[in-house]
Amino acid sequence: MTKNVNRLLRLGALTEKKERLEVLEIKIDGLVKEINYNLFMDGGVASINLDLAKIKFKELEESIGEYQCLQKEVEELENL
């Protein structure tokens, strides 16, 4: 019985982590688009919003770090 409970807990955790990975992929894609928009607007150098791009880049770094950690956790759970 304990084996089944552990298996179900592992599958639940795995499903939750995979769902979070999907959310992070969407967030990362959006952040990349926002950074590109803020750096490469049609108005040339004068229209670059560097401050906002820096903020979005920081969010991107954090999201990628979280994604990589979750990815490792998913791999570990799948190999159990």
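Analysis parameters
Residues numbered from 1 in each chain as written. Predicted model: local features only at pLDDT ≥ 70, side-chain atom pairs only at ≥ 80, totals over all residues. Heavy atoms only, no water. Helix = DSSP H or I, 4+ residues; strand = E, 2+ residues; numbered from the N terminus. Buried < 20%, exposed > 50% of the residue type's maximum accessible area, 1.4 Å probe, protein only. Contact = heavy atoms within 4.5 Å. Salt bridge = Lys/Arg side-chain N within 4 Å of Asp/Glu carboxyl O. Patch = residues over 30% accessible without salt bridge, like charges linked within 9 Å, V, L, I, M, F, W, Y side chains within 5 Å. Areas by Shrake-Rupley, 256 points an atom, 1.4 Å probe, with all protein chains shown as cover. Expected span 1.5 Å × (residues − 1). Core = buried A, V, L, I, M, F, W, Y, C linked by side-chain atoms within 4.5 Å.

K.L.:
How do you make sense of the overall build of the protein when you look at a structure like this?
P.N.:
Within the protein, the secondary structure is distributed over two helices and zero strands. By its C-alpha atoms, the protein is 65 × 15 × 15 Å across when sized along the principal axes. Relative to its full complement of 80 residues, the protein shows a buried share of 19%. Counting contacts in the protein only where the partners sit at least 6 residues apart, residues at least 24 apart contribute 72% of the total.

K.L.:
Just to check I follow, could you spell out the pattern of salt bridges for this structure?
P.N.:
Once their charged atoms are close, side chains differing in charge can pair, the charge on each being opposite to the other. Enumeration over the complete set of coordinates arrives at six salt bridges. Among the ionic pairs, Arg 20 bridges to Glu 66, the shortest N-O distance being 3.0 Å. Placement of the pair is Arg 20 in helix α1 (residues 2-39) and Glu 66 in helix α2 (residues 50-78), with a sequence separation of 46 residues. Ionic pairing is found between Lys 56 and Glu 59, a salt bridge with its closest N-O pair at 3.9 Å. Remark: Glu 59 and Lys 56 occur in helix α2; sequence separation between them is three residues, near one turn of the helix. Salt bridges linked by common partners bring Glu 34, Lys 56 and Glu 59 together as one network.

K.L.:
What is the right way to read the environment of Glu 22 from this model?
P.N.:
By the secondary structure assignment, Glu 22 is in helix α1. Taking the relative accessible area as the measure of exposure, Glu 22 reaches 52% and is therefore exposed. Residues Glu 22 and Tyr 67, spaced 45 residues apart in sequence, show a C-alpha to C-alpha distance of 9.3 Å.

K.L.:
I'm lost on a nonpolar patch on the surface in this one. Help?
P.N.:
Together, Val 45, Ile 48 and Leu 50 make up an exposed nonpolar region whose accessible area comes to about 280 Å². You can see Ile 48 is positioned in the loop between α1 and α2. Under the relative-accessibility criterion, Ile 48 is labelled partly exposed at 34%.

K.L.:
Please explain α1 as it appears in this structure.
P.N.:
Along an α-helix, residues three or four positions apart point the same way, because every turn accommodates 3.6 residues. Over its 38 residues, α1 runs 55 Å from end to end, which matches the ideal 56 Å to within 8%, given 1.5 Å per residue. Regarding α1, the residues found buried are Leu 14, Leu 21, Leu 24, Ile 28, Leu 31, Ile 35 and Asn 38. Next to the buried residues of α1 lie α2.

K.L.:
Mind showing me how you'd approach the nonpolar core here?
P.N.:
If you look at soluble globular proteins, the nonpolar side chains tend to sit buried side by side. In terms of nonpolar packing, the biggest core is built from eleven residues, these being Leu 14, Leu 21, Leu 24, Ile 28, Leu 31, Ile 35, Leu 60, Tyr 67, Leu 70, Val 74 and Leu 77. Of all elements in the fold, only α1 and α2 reach the threshold of two or more residues within this core. Here this core takes six residues from α1, the largest share from any one element. Aside from chain neighbours lying at most four places away, what touches Tyr 67 is Leu 21, Leu 24, Glu 25 and Ile 28.

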